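Listed below, chain by chain, are the residues.
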Amino acid sequence: MEACTYKSTRCSDFNVKPSEAIVKGLAHDGGLYIPLDFPVLEKSLDQLVDMDYRELAFHIMRGFLTDFEDEELQNCINNAYDKKFESEEIAPLVKKEGVYFLELFHGPTLAFKDMALSILPHLMKTASKKTNIQEDIVILTATSGDTGKAALEGFADIDGIKIIVFYPENGVSEIQKRQMTTQEGKNTFVIGLEGNFDDAQRGIKEVFADTAYNEKLNGMGYKLSSANSINIGRLVPQIVYYFYSYLKLLRDGEIADGEKINIVVPTGNFGNILSAYYGKKLGLPVNKFICASNDNNVLYDFINTGIYDIEREFKKTISPSMDILISSNLERFLYELSGNDENKLKQFMLKLKKEGKYEISDKMKEGLEDFYGGFIGDEKTHDTIREVYESSKYLMDTHTAVAFAVYKKYKEESGDNTKTIIASTASPFKFTRSVMKSIDEELEKYNDFDLIKKMSKLADLNIPAGIKGLEDRKILHNRRCKKNEIKTAISNILSK
Ligand SMILES: *Cc1c(COP(=O)(O)O)cnc(C)c1O
């Protein structure tokens, strides 16, 4: 197998090994790590068809993590995809309403982030040993709600690693907040930021880019890394479930050998849909990637006009994990569109920073052909949840509903009958209030925790272990900070 090395999207010096890319998270110049050459799958889809989730994960991931021994990677996979997942299949596929919902929310924190964040801590610990890192690793994470909890859960009590999570104080659901503030583990720290997700993400990127501050931390025995989807160790595990679902359709005779499918992804930071796109580069037969947004529709505009413009009002919606204007992983996709031109990338990113927007050339726009962009507002999201519940008794969360509604729009416009997978990114139990409100406005008066019980009865579903008894758990974290206090907050924690 050819060794896979990684480079920054913004320059071609300093190529690094997979383990180094994982430990560092972000490249030294602020760019994102990408494989210099994409790996080639050693087996055909035919040969993969009977693998279970763990076998398939091993087969796909080893091409990207070539400096991991087989046994090391296998251990990471076994530690990640185990009984923590309430579904034996890990990522089950459910056929409803003429589409296939790929349920990615059966992990411990009820959102698709578990798919990657249950393995990233193990990859990082292994990578840290391999690269002879002497310092303790500090994971800094900005979260729009789901990443934070999934990262805390994954990294809790992992030796040699501390994790600090910043969440927008008023930008997450009551359940998301409670999930984070009750997190156990003596290496976990949770901070409510007075600002929105973009403020948190920007603040953290600044910390990574501040050389003097990083040197100071090194002196204290710490080294920063990231669990956000800027880390390539997040994207690689996410490729697996797209293959897994395709192979399941093949096994069940729902599609023919080589038949193309559509993939619909409710999108925020562009990480999940990028993993699907990377799947296609590895040979997954995909017709269209359907990128679904809420009213924060920067990606919709980008796909339809080639202009990326963040100078607009930030909107709080009922699909908060997609309330993002700066989609970090778009940088990796842009790199592909530019024909791997790091100089162009540098210019785009500089323009984005200085002017808040950039426009790609007509030639680059051609690369968007495989993508369809759509967006849906809150009202339509509520309607979609209710309609699907009434017709199929299937309860979707708000993010999945955005995806399904955008898909319906696409289908109406295009008449395309290609078989379609909807990435179902959260359990309805995680966004209980908005989901129950869609079914019946009267339910507004109950608190989130009562609504969980009501939802369980209504949909005849067991309350997932991750939130059972959440209201009775002890609050262990109550730190807060202002936008400009992020570094101080980190220093305070680490100097203890
Ligand atoms: C994070 C998240 C998304 C967006 O995924 P990206 O990889 O950031 O595009 C969508 N839905 C849910 C429930 C999420 O937690």
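Our subject is the structure listed above.
Summary of the structure given here. (Residues numbered from 1 in each chain as written. Predicted model: local features only at pLDDT ≥ 70, side-chain atom pairs only at ≥ 80, totals over all residues. Heavy atoms only, no water.)

1. Quick word on the overall build of the chain
What counts is decided by this rule: Secondary structure elements follow DSSP: runs of H or I no shorter than four residues count as helices, runs of E no shorter than two count as strands, and numbering proceeds from the N terminus. Contact definition: two residues touch when any of their heavy atoms are within 4.5 Å. In this description, accessible areas are obtained by the Shrake-Rupley approach with a 1.4 Å probe, and a residue is regarded as covered only by the protein chains that are shown.
Per the secondary structure count, the chain includes 21 helices and 16 strands. A principal-axis box enclosing the C-alpha atoms of the chain has dimensions of 60 × 50 × 50 Å. Relative to all contacts within the chain whose residues are 6 or more apart in sequence, the contacts with residues 24 or more apart total 75%. A total accessible area of about 19700 Å² is found for the chain, and carbon and sulfur atoms account for 44% of it.

2. Re the packing of helix H12 (residues 271-281) against helix H14 (residues 330-337)
The condition that has to hold: Interaxial angle, 0 to 180 degrees, is taken between N-to-C directions of lines fitted to C-alpha atoms, where a helix line uses only the stretch in contact. A clockwise turn of the near helix away from the far one marks a right-handed crossing, whereas an anticlockwise turn of less than a right angle marks a left-handed crossing. Polarity classes work like this: nonpolar for Ala, Val, Leu, Ile, Met, Phe, Trp, Tyr, Cys and Pro, charged for Asp, Glu, Lys and Arg, and polar for all others, with Gly in that last group.
It is the contact of H12 with H14, at a shortest axis distance of 10 Å, that shows an interaxial angle of 35°. Regarding H12 and H14, the two cross each other, and that crossing is left-handed. In contact with Leu274, Tyr277, Tyr278 and Lys281 of H12, H14 contributes Arg332, Phe333 and Glu336. Residues belonging to the contact of H12 with H14 are distributed by class as follows: 4 nonpolar, no polar and 3 charged.

3. A closer look at the pattern of salt bridges
So the rule is basically this: We define a salt bridge as a contact between a side-chain nitrogen of Lys or Arg and a carboxyl oxygen of Asp or Glu at a distance within 4 Å. Buried, partly exposed and exposed residues are distinguished by accessible area as a fraction of the type maximum, computed with a 1.4 Å probe on protein chains only: under 20%, between the cut-offs, and over 50%, respectively.
Throughout the structure, instances matching the rule amount to 28 salt bridges. Its salt-bridge partner being Lys7, residue Glu342 comes within 2.9 Å of it at the nearest N-O pair. Remark: Lys7 occurs in strand S1 (residues 6-8) and Glu342 occurs in helix H15 (residues 342-355); sequence separation between them is 335 residues. On the accessibility criterion, Glu342 (18% relative accessible area) is buried. Lys430 is paired through a salt bridge with Asp146; the nearest N and O atoms lie 2.9 Å apart. Taken as a pair, Lys430 in the loop between strand S15 (420-424) and helix H19 (432-439) and Asp146 in helix H7 (residues 146-155) lie far apart in primary sequence, 284 residues in all. In terms of burial, Lys430 and Asp146 fall into one category: buried. Each of Arg433, Lys437, Glu444 and Asp448 takes part in salt bridges that share partners, so that together they form one network.

4. As for the site of the ligand
As a reminder of what qualifies: What makes a residue near a molecule or strand is one non-hydrogen atom of that residue sitting within 4 Å of it. N or O atoms closer than or at 3.5 Å make up a polar contact, with two conditions inside protein: a donor-capable atom paired with an acceptor-capable one, and, for residues adjacent in sequence, both atoms drawn from side chains.
Near the ligand lie 15 residues; those nearest to it are Lys113, Asp146, Gly268, Asn269 and Thr425. Within the backbone of Asn269, one N or O atom sits 2.8 Å away from an oxygen atom of the ligand. The backbone of Phe270 places a nitrogen or oxygen atom 3.1 Å from an oxygen atom of the ligand. The fraction of the free accessible surface of the ligand (380 Å²) that becomes covered by protein chains is 98%. Taken together, the residues of the shell around the ligand break down into 5 nonpolar, 8 polar and 2 charged.

5. Let's talk about helix H3 (residues 53-61)
Every α-helix carries 3.6 residues per turn, so stepping three or four residues along brings you back to the same face. Of all 9 residues in H3, 7 are buried, a share of seventy percent or more. Along H3, the positions that sit buried rather than exposed are Tyr53, Leu56, Ala57, Phe58, His59, Ile60 and Met61. Structurally, H3 contributes buried residues whose contacts are with helix H2 (45-48), helix H4 (70-80), helix H5 (113-117), helix H6 (120-130) and helix H11 (232-251). The N-cap residue of H3 is Asp52: its side-chain oxygen and the backbone nitrogen of Arg54 are 3.1 Å apart.

6. Brief notes about the side chain of Asp416
To keep things clear, this is the line we draw: A residue counts as positive if it is Lys or Arg and as negative if it is Asp or Glu; His and the chain ends are not included.
With respect to the helices, strands and loops of the structure, Asp416 is situated in the loop between helix H18 (398-414) and S15. The buried charged residue Asp416 lacks any salt bridge, with Lys288 as its nearest oppositely charged partner at 7.3 Å. In terms of polar contacts, Asp416 uses its side chain to reach the side chain of Asn287, at 3.1 Å. Within the local environment of Asp416, its side chain forms a polar contact with the side chain of Thr418, the two groups lying 2.5 Å apart. Sequence-distant contacts of Asp416, that is, excluding residues within four places in its chain, are made with Asn262, Asn287, Tyr410 and Lys411.

7. Thoughts on the sheet that holds strand S11 (residues 286-293)
Within a sheet, adjacent strands bond to each other through the backbone by hydrogen bonds, running parallel or antiparallel. Inclusion rule: A pair of strands is treated as paired once DSSP finds two or more bridges between them.
One open sheet holds the 6 strands; their spatial order is S4-S5-S15-S10-S11-S14, and the pairing between them is mixed. Of all the strands in the sheet, just strand S4 (93-96) and strand S14 (371-375) have a single pairing partner and so form its edges. Between one strand and the next, the sheet's axes are offset by a mean angle of 25°, whatever the strand orientation.

8. Comments concerning H6
Buried residues dominate H6, accounting for 8 of its 11 residues. Turning to H6, its buried residues are Leu120, Pro121, His122, Leu123, Met124, Thr126, Ala127 and Ser128. Taken from the residues just after H6, Asn132 is the one with a positive phi, measuring 55°.

9. Quick word on the packing of helix H17 (residues 378-392) against H19
Let me state the cut-off plainly: Orientation is classified from the angle alone, with under 35 degrees giving roughly parallel, over 145 giving roughly antiparallel, 65 to 115 giving roughly perpendicular, and any other angle giving oblique.
The contact between H17 and H19 brings their axes to 8 Å, and the two run at 65°. In terms of their interaxial angle, H17 and H19 are classed as roughly perpendicular. Like other packed secondary-structure pairs, H17 and H19 cross with a definite hand, here right-handed. Packed against H17, whose contacting residues are His382, Ile385, Arg386 and Tyr389, the element H19 presents Ser434, Val435, Lys437, Ser438 and Ile439 at the interface. A breakdown of the residues in the contact of H17 with H19 according to their chemical character gives 4 nonpolar, 3 polar and 2 charged.

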